[in-house]
Amino acid sequence: MEHRTADPVLAEGPAAYGRALRAHLSEEPLLKEWRHTGHVPTEERMAAHARLMAHLYKTGWNRYGWPKEAGGLGGDERHRAVLYDELAAAGLPVPGAHMLLETLGPPVVRFAPHLAARHLPAFLRGEEWWGQGFSEPEAGSDLAGLRCRARREGNTYVVSGQKLWTSHGATATRLVCLVRTGTLESRHRGLSMLMIDADAPGVTTRPIALASGDNELAELFFDDVVVPADRLIGEEGQGWGVAMYLLQFERAMYAWLSSAEALRRLRELRDAAASRTAAGKRLPGGAALRLGTCYTDLVALRARSARTVLALASGRTVGPEASVDKVLLATVETGLFDLAREVLAEDFVLGGDAGAVQWRADWWYSRSATILGGSAEVQRTILADHVLGLPREAKP
Ligand SMILES: Cc1cc2nc3c(=O)[nH]c(=O)nc-3n(C[C@H](O)[C@H](O)[C@H](O)COP(=O)(O)OP(=O)(O)OC[C@H]3O[C@@H](n4cnc5c(N)ncnc54)[C@H](O)[C@@H]3O)c2cc1C
């Protein structure tokens, strides 16, 4: 359809969009504000990223890849993938809220276009972001056992229960939650997805500090929160199907976005290693080989992830295969930041400047790469069962 549009950027395809964006990012003096690598607390970082999103929205660049009805300018996942690559190549951060946008935006566009039209433009402008309320104290890997309940009362749902480990949950303006509308025994068939305003009466958010000290996670409490029924994403009882649609974006588009960031960080690590050598400091044995291995792991991820992005862009359901991308990403992130810890040696452990603090924060966060979005063990089981079709282990 692209050739019929009047927008020359769309007409020429994602590669031309990338070239035009690269020219913009290299010339734009305003972007100096975001071209730094040092650590800042989560709240400050999200505010700076929100300003970057406002700029990208005003100039149109982050509106490609999203439908016009939801504040976008058209295009598909390829445009979003190119945006992340070009930001990282320019030494700019991929705004933290884009991780949530990639996870929650596609299901809202697909299953609740009225909510996408109402709220997605503000997300793209950096004025709001959403939290993903799936996990609970007794339901992480076993999501179908979740207990947070929504009971129908007229044109509303009344929500009671708890969510845990919600990324950016303390500052999110809306919470996309998987809730139980059926019985506990109905497992995944009794679930629905609701968009809840974070400032609705009865919602309490409690920040959880990461090991690095950043307030990035939160637990959420819902005490008879009244939610209009038109906040349903999909039909009542369809929540599991919507969640499965969502997970392929959470695992696949997030992997692409994170691989762009990882490439930027690997370049910075290479430069830091060179500076240490120039200053007469020794690198640990095998450092060059390990930098190379890290790069080839990253290239393998990108090769795989590029195919997944193209599949999503063509409207294909990726489903369980997205777990491949997720497993490769965890390998890259843990390997990259373990290597940074060794290469930067005493600077990593003791360095007090913003750059060293950021390496430490990234190392801590990379410990969760095998947990968030579904643990590595669960991903491998999905691959064994649904992609490779391996026989089930015999019960002893
Ligand atoms: C940094 C971070 C951000 C997160 N952000 C969000 C968010 O925004 N929204 C959200 O809803 N959740 C979020 N989570 C939660 C995350 O999705 C869960 O932690 C994850 O799904 C694991 O669930 P759990 O913590 O309950 O662990 P459990 O499910 O209790 O698992 C504990 C251990 O048992 C293993 N295990 C469990 N079941 C099996 C099985 N069947 N086979 C083999 N091994 C198994 C797991 O692999 C794990 O090692 C986040 C987590 C982290 C660390």
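The structure this text deals with has already been given above.
Residues numbered from 1 in each chain as written. Predicted model: local features only at pLDDT ≥ 70, side-chain atom pairs only at ≥ 80, totals over all residues. Heavy atoms only, no water.

Brief notes about the environment of valine 332
You can see valine 332 is positioned in helix 9 (residues 322-350). Judged by its relative accessible area of 2%, valine 332 falls in the buried class. Along the backbone, valine 332 and alanine 313 are 19 residues apart, and their C-alpha atoms lie at a distance of 24 Å. For valine 332, the residues in contact, after removing those within four places along its chain, are Ala262, Asp297, Leu298 and Leu301. (Helix = DSSP H or I, 4+ residues; strand = E, 2+ residues; numbered from the N terminus. Buried < 20%, exposed > 50% of the residue type's maximum accessible area, 1.4 Å probe, protein only. Contact = heavy atoms within 4.5 Å.)

A closer look at helix 5 (residues 97-111)
In this model helix 5 runs 21 Å from its N-terminal to its C-terminal C-alpha over 15 residues, within 8% of the 21 Å that 1.5 Å per residue would give. The axis of helix 5 is deflected most strongly, by about 35 degrees, at leucine 104, and proline proline 106 appears within four residues downstream. Among the 15 residues of helix 5, 12 are classified as buried, and the element is accordingly described as predominantly covered. For helix 5, the set of buried residues is Ala97, His98, Met99, Leu100, Leu101, Glu102, Thr103, Leu104, Gly105, Pro106, Pro107 and Val108. (Expected span 1.5 Å × (residues − 1). Bend = angle between axes of the 7 residues up to and from the residue.)

With respect to the site of the ligand
Around the ligand, the surrounding shell holds 17 residues, and the nearest of these are Gln132, Ser141, Trp165, Ser375 and Glu377. Here glutamine 132 contributes a backbone N or O atom positioned 2.7 Å from a nitrogen atom of the ligand. Contact between the ligand and phenylalanine 134: an oxygen atom at 3.0 Å from a main-chain N or O atom of the residue. Relative to its free-state accessible area of 970 Å², the ligand is covered by the protein chains to the extent of 63%. Of all the cavities here, the one that holds the ligand is the largest pocket. Among the elements that make up the shell around the ligand, the one with the highest residue count is strand 3 (residues 156-167) (three residues). Here the residues of the shell around the ligand are counted per class, giving six nonpolar, 10 polar and one charged. Each of domain 2 (131-237) and domain 3 (241-387) contributes no fewer than three residues to the shell around the ligand. (Near = heavy atom within 4 Å. Polar contact = N/O pair within 3.5 Å; in protein donor to acceptor, adjacent residues only side chain to side chain. Areas by Shrake-Rupley, 256 points an atom, 1.4 Å probe, with all protein chains shown as cover. 1 Å grid on protein atoms, 1.4 Å probe; cavity = no way out; pocket = protein on both sides within 12 Å on 5 of 7 lines; lining within 4 Å. Sits in = over half its atoms within 2 Å of the grid points. Nonpolar A, V, L, I, M, F, W, Y, C, P; charged D, E, K, R; others polar. Domains from an automatic or database assignment.)

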